[in-house]
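# Survey of secondary and tertiary structure
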Amino acid sequence: MIRRKPGAAFGGRTALWFTIAAGFAFFTLIFSNLPFFSVFQDAALAVAAPAQRAVRAVASPMGDFAEHFGGFGALKTENDSLQAENARLTAETARFKEKEIALNDLTGLLDVKLARPNDKFMAATIVARSTDRYERAVAINRGERDGVRKEMVVIAPAGSIVGRISSVLPDFAWVTLLSDPGSNVPAMGQDSRVEGVLAGRGDDSMRLELLPRDGGVKTGEIIMTSGLAGGFPRGIPLGRVIDVAGSDQDLAPAVYVGPLASMRNLENVLILVSFVPSAVPVFGTISPATAGSGQAAPAAPDAGAAKRPAEAVLPGSSR
Amino acid sequence: MSLALGATWVVFVVLWQTAGLPVAGLAGGHADVLMLIVLVWAYLRSPRQAIALAVIGGFTVDILSAHAPGVTVLALLPAAAIGGFQGIKLLDTDWVSPAILAVGSTVVFHFILLVLLNVQGGAPPLWDAMMSTVLASAVVNGLVTPLLYAFVWLASFDVRPSRRRLRTT
């Protein structure tokens, strides 16, 4: 039996402390939009990032052991590397296939490609991840001073879309992942050419919604951005269909999509700085933050983009 | 174990989670380690200290994640209150009550978190999330609680009477 310290009972003074703590939390929540908090969060991320890297380096083997109890370390390493290679090749194949379709297409897609001959990317490292399932986001070490703007598109090194910038701090930015429950991306099947909206589900998978009843989307098909609504460039891989469910009586099939790149092992990403999203007010594509502020397309990012040497111009383009 | 050590432990847990390292999970639910530490601390040691841990841990999570500051603190505070109720002693042993309290705390913790995130926008619908993940998390938390309880109990030598003293009295 434990003999408690003074203050163990939830009595008057403890209730007072409880009220003070709750009031302080409410106060910070209400005034969380003040610039002071951005600066504070920026500084905290700068301090915590090395600590997180150290914790990850030290604890990662333990985490892996705990996760794969029984010891399949070598197998897991090999599997991780094969998955990464597979993701890269799949994205590359999808890109080539998409280019082939574009070249044969007479609807003017070629003009779009010619209008954007070289996409510019800025490299960034993931420094923190959100801790709960209700908000899927990662923090990257690029911020406003580097030319990062809200709604910019973030891509995995393999070429598939990871998410988009949802908030920008002076030296860091938060990327809302495709799997976030609030994420909606206009998408289409690469083979079926059926258009819908790819919605996050809060876990590692997504769901393709607003499909026509006779969509014809099949398991294994690559899902690409459709470019509708102007938030994302057209023809960049988003994921692969992992399951198509539903009966004939359903209004639309339930299409589940898995990411091409593993979000858990992702450490570096690319920000597509050459694409400026245009906020076309189409249902389901405007994030709450943008809708609330009435913010239009972000300013051209080139102002500070050339400040850091890590910026890279990658070969190939996304139309 | 002093409050400073508890705070260090809490910050380490937050760094572990924000570094993307895995936590115990089952059927879509994951252990809410921070919430369980606050609960067990309030149960075994002092609710006032548990409130301090909730504030320290909650703000650290909010600053190092995409939440608005204050969201996690508000979700964690009820765990300090639930763990601190002296009257709750469902069974003769001290090891089962915290696990049962953990199940209740999980529901309250996720409910507050979801309400606040829904108010801010972008969170999944409240009822869907409660049904899909919270129940599984409650079970996982109930199972993990005895481990954390044992850890805090063993480390609480400063407030735990020694066996020898118990025997002599």
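On a predicted model such as this, the values are computed, not experimentally measured, just so you know.

## Points about the overall build of chain A
Helix and strand counts for chain A come out as six helices and 13 strands. Out of the 319 residues in chain A, the part that is buried amounts to 45%. Residue pairs at least 24 apart in sequence account for 63% of intrachain contacts in chain A once pairs closer than 6 positions are excluded. Taken as a whole, chain A presents about 15700 Å² of accessible surface, with 61% of it coming from carbon and sulfur.

## Regarding the overall build of chain B
Scanning chain B for helices and strands turns up seven helices and two strands. Order of helices (α) and strands (β) in chain B, N terminus to C terminus: α-β-β-α-α-α-α-α-α. In chain B, buried positions account for 59% of the 169 residues. By sequence separation, contacts in chain B at least 24 residues apart represent 71% of the contacts at least 6 residues apart. Only carbon and sulfur atoms are counted for the fraction: they give 72% of the accessible area of chain B, which is about 6700 Å².

## Topic: the sheet that holds strand β10 (residues 237-245) of chain A
Residues and elements named next belong to chain A. Strand order around the closed barrel formed by six strands is β6-β7-β8-β11-β10-β9, with antiparallel pairing between neighbours. Averaged over neighbouring strand pairs, the angle between their axes works out to 45 degrees when direction is ignored. Sheet analysis places strand β6 (residues 184-189) next to strand β7 (residues 195-200), joined by five bridges and oriented antiparallel. Following the sheet pairing, Met-188 is matched in β7 by Glu-195.

## A few points about the pairing of β6 of chain A
Counting buried residues in β6 of chain A gives five out of six residues, a clear majority hidden from the surface. In textbook terms, the turn of a hairpin is the stretch between consecutive antiparallel strands, and for β6 of chain A and β7 of chain A this stretch comprises five residues, one of which, Arg-193 of chain A, has a positive phi near 60 degrees.

## Considering the packing of helix α1 (residues 3-18) of chain B against helix α2 (residues 33-44) of chain B
Residue and element names in this part refer to chain B. Between α1 and α2, the least distance of the axes is 10 Å, while the angle of their chain directions is 165 degrees. In this view, α1 runs roughly antiparallel relative to α2, as classed from their interaxial angle. Note on packing geometry: the crossing formed by α1 with α2 is right-handed. Residues Leu-3, Gly-6, Trp-9, Val-10, Val-13, Val-14 and Gln-17 of α1 form the contact with α2, whose participating residues are Val-33, Leu-34, Ile-37 and Trp-41. When grouped by side-chain class, the residues that make up the contact of α1 with α2 number nine nonpolar, two polar and no charged.

## Some thoughts on the packing of aromatic side chains
All names here are of chain B. Under the defined criterion, the tally for this structure stands at three aromatic pairs over all chains. Taking the centre distance of 4.9 Å and the plane angle of 55 degrees together, the rings of Trp-9 and Phe-151 count as tilted. Of the two residues, Trp-9 sits in helix α1 while Phe-151 sits in helix α6 (residues 126-155), which places them 142 residues apart along the sequence. A residue is classified by how much of its surface remains accessible, and Trp-9, at 18% relative accessible area, is buried. When its relative accessible area of 44% is taken as the criterion, Phe-151 is described as partly exposed.

## With respect to the pattern of salt bridges
All names here are of chain A. Scanning the entire structure with this criterion turns up four salt bridges over all chains. Residues Asp-146 and Arg-142 are paired through a salt bridge, measuring 3.7 Å at the closest nitrogen-oxygen approach. Arg-142 shares its class with Asp-146; the two are buried. With a shortest N-O distance of 3.6 Å, Arg-164 and Glu-151 are connected by a salt bridge. Of the two residues, Arg-164 sits in strand β4 (residues 161-168) while Glu-151 sits in the loop between β2 (137-140) and β3 (153-155), which places them 13 residues apart along the sequence. Overall, the relative accessible area of 13% leaves Arg-164 in the buried class. In this structure Glu-151 comes out as buried when scored by relative accessible area, which is 13%.

## Focus on the packing of helix α1 (residues 12-30) of chain A against helix α3 (residues 47-63) of chain B
Contact geometry of α1 of chain A with α3 of chain B gives a least axis separation of 9 Å together with a crossing angle of 10 degrees. It follows that α1 of chain A is roughly parallel to α3 of chain B by the angle criterion. Listed contacts from α3 of chain B to Arg-13, Thr-14, Trp-17, Phe-18, Ala-21, Phe-24, Ala-25 and Thr-28 of chain A of α1 of chain A are Pro-47, Arg-48, Ile-51, Val-55 and Phe-59 of chain B. Taken together, the residues that form the contact of α1 of chain A with α3 of chain B break down as nine nonpolar, two polar and two charged.

## Some thoughts on the environment of Ala-25 of chain A
One can find Ala-25 of chain A in helix α1. Among residues more than four places away in sequence, those in contact with Ala-25 of chain A are Phe-59, Pro-69, Gly-70, Val-73 and Leu-74 of chain B.

## Focus on the confidence of the model for chain B
Averaged over every residue, the pLDDT of chain B is 77; residues scoring 70 or more account for 79%. Across the interface, the model reports ipTM at 0.76; the global pTM reads 0.64.

## Remarks on the pairing of β4 of chain A
Residue and element names in this part refer to chain A. The pairing of β3 with β4 spans three bridges and is antiparallel. Paired with Ile-155 across the bridge in β4 is Ile-161. Where β3 folds back onto β4 in an antiparallel hairpin, the turn is made up of five residues, including Gly-159, whose phi is positive at roughly 115 degrees. For β4 and strand β5 (residues 173-177), the ladder comprises five bridges, and the chain directions are antiparallel. Counterpart to Val-168 in the pairing with β5 is Ala-173. Hairpin connection of β4 to β5: four residues between the antiparallel strands.

Conventions we followed
Residues numbered from 1 in each chain as written. Chains lettered and ligands numbered in written order. Predicted model: local features only at pLDDT ≥ 70, side-chain atom pairs only at ≥ 80, totals over all residues. Heavy atoms only, no water. Helix = DSSP H or I, 4+ residues; strand = E, 2+ residues; numbered from the N terminus. Buried < 20%, exposed > 50% of the residue type's maximum accessible area, 1.4 Å probe, protein only. Contact = heavy atoms within 4.5 Å. Areas by Shrake-Rupley, 256 points an atom, 1.4 Å probe, with all protein chains shown as cover. Pairing = 2+ DSSP bridges. Axes fitted to C-alpha atoms, helices over the stretch in contact; angles between N-to-C directions. Parallel < 35°, antiparallel > 145°, perpendicular 65-115°, else oblique. Left-handed = near helix turned anticlockwise from the far one by under 90°. Nonpolar A, V, L, I, M, F, W, Y, C, P; charged D, E, K, R; others polar. Phe/Tyr/Trp six-rings, centres within 6.5 Å; stacked < 30°, edge-to-face > 60°. Salt bridge = Lys/Arg side-chain N within 4 Å of Asp/Glu carboxyl O. pLDDT = per-residue confidence, 0-100.

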